[in-house]
Amino acid sequence: MKLSPNKNLAWRIIEKKAYILNPEKSELHCLDEVATAAWELISKKTEFAALCDKMREDYDAKKEVIEKDMSEFIKKLREQSLLE
Amino acid sequence: MIKNQPDLFSLKPDHAFLNVGLTKSGGLYASACSPKKPRIESRLNIALKRNLAANEGKRGFTDVCARISGRNVVFKRNDFYARINLDELTGKASVARNEYSVNSLLRVIFSWLAPQAGGLLMHSSGIKAGNKSFIFTGISGSGKSTIIKEIKKIHGGGRIDILSDEIVLVESSKYNKARAYGTPFWGELSGLRKENNRGNAGGSAAAKLFFLRKAPFFKIKPLGKAEAMTRMLPNVLYFLKNKAAADMIMSLALEIAGNIPCFELFFMPRMTKKQYEAITE
């Protein structure tokens, strides 16, 4: 299943950081540079495996580390209702 | 400023037509008379109700519920209800027959109209010094009225140009600038409203925007655009909770943050003249 952002969000990338406004919860989230890179990939709708492959390519890290980090990141995004 | 704001209770006892909007030169109005060529205007048929819950003082106020329903926007609280057609900007409202409820309804409607004309209503106080405005932003208890009182003391208690001690309208204007306008929405310093509204027609160039922090020291800390936008958003009055609204508010906040130098202002009671000069230089 493809990952994609919650359709009701407004977000901007400013100085390499994503600022995500969830109007339903009146919450503003700020992502660091690495999380922002992952968010940008998710915004183009991507499968988890493809996300991990691209992040591994960009950050030259081990597959297991990337998959663990991305798994935790996706979990947090879901907890905050930032994903569809 | 609100021009020609009628005393609703002096019109027909239970009913009023109001034109609510922003003029071309800026500023809010709620008037039975309509300015020529307003920037944006909504014409409302307002019924003042004696029997809404707030009149009876039986319970506190609920949160404002705002939603899009077909081609209308609906604003609802236990003491008011408004339904406005999005295409024609005409609508009907019922509001409890007291000044607080009418004031609240107008705040909600202006907070919806202002972004459509490029402005944001912000929880801010503000002053005009020379030809420029200085805005002090923060939630309840952050010191919006306090800083106005401190500035007034520095002026020996004499008259200063106050935009508001509660809500200021800020808008992006041409050439990457921003303007600030007084509003009729005041807090504890509402006794000063009449003497100040006269002086604030048309607004003025916004020179600086400060995010307030009460502290045992005085410091002015510059903020970058992203940080300023992040601080601004929680202080914007807006009630619709959908993507289109969020996108609009975020764009405007970012634009304003880019057009006005923004700072965090740590301040304490008994402000000195030197500190005031540092704020307004």
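Residues numbered from 1 in each chain as written. Chains lettered and ligands numbered in written order. Predicted model: local features only at pLDDT ≥ 70, side-chain atom pairs only at ≥ 80, totals over all residues. Heavy atoms only, no water.

Asker: So what's going on with the overall build of chain B? Residues and values would help.
Answerer: Counting its regular elements, chain B contains seven helices and 15 strands. Relative to its 281 residues, chain B shows a buried fraction of 54%. Taking all contacts inside chain B whose residues are at least 6 apart in sequence as the whole, residues at least 24 apart take part in 65%. (Helix = DSSP H or I, 4+ residues; strand = E, 2+ residues; numbered from the N terminus. Buried < 20%, exposed > 50% of the residue type's maximum accessible area, 1.4 Å probe, protein only. Contact = heavy atoms within 4.5 Å.)

Asker: So, the interface of chain B and chain A: which residues are in play, and what are the values?
Answerer: With twelve residues of chain B in contact, the opposing surface of chain A contributes 15 residues. Taken together, both faces of the contact between chain B and chain A bury some 1200 Å²; the carbon and sulfur share is 68%. On the chain B side of the interface with chain A, the three residues burying the most area are Lys241, Lys243 and Met250 of chain B, jointly 43% of the side's total. Across the chain B-chain A interface, the total number found is one salt bridge. One salt bridge in this structure joins Asp247 of chain B and Arg12 of chain A, with 3.0 Å as the shortest N-O distance. Our count for the contact surface shared by chain B and chain A stands at four residue pairs in polar contact (both at pLDDT 80 or more). Going through the elements one at a time, helix H5 (225-232) and helix H6 (243-259) of chain B are the ones with two or more residues in the side of chain B that touches chain A. Element by element, the count of residues in the side of chain B that touches chain A is highest for H6 of chain B, at six residues. Residue classes in the side of chain B that touches chain A are distributed as six nonpolar, three polar and three charged. (Buried area = accessible area lost by both parts, 1.4 Å probe. Salt bridge = Lys/Arg side-chain N within 4 Å of Asp/Glu carboxyl O. Polar contact = N/O pair within 3.5 Å; in protein donor to acceptor, adjacent residues only side chain to side chain. Nonpolar A, V, L, I, M, F, W, Y, C, P; charged D, E, K, R; others polar.)

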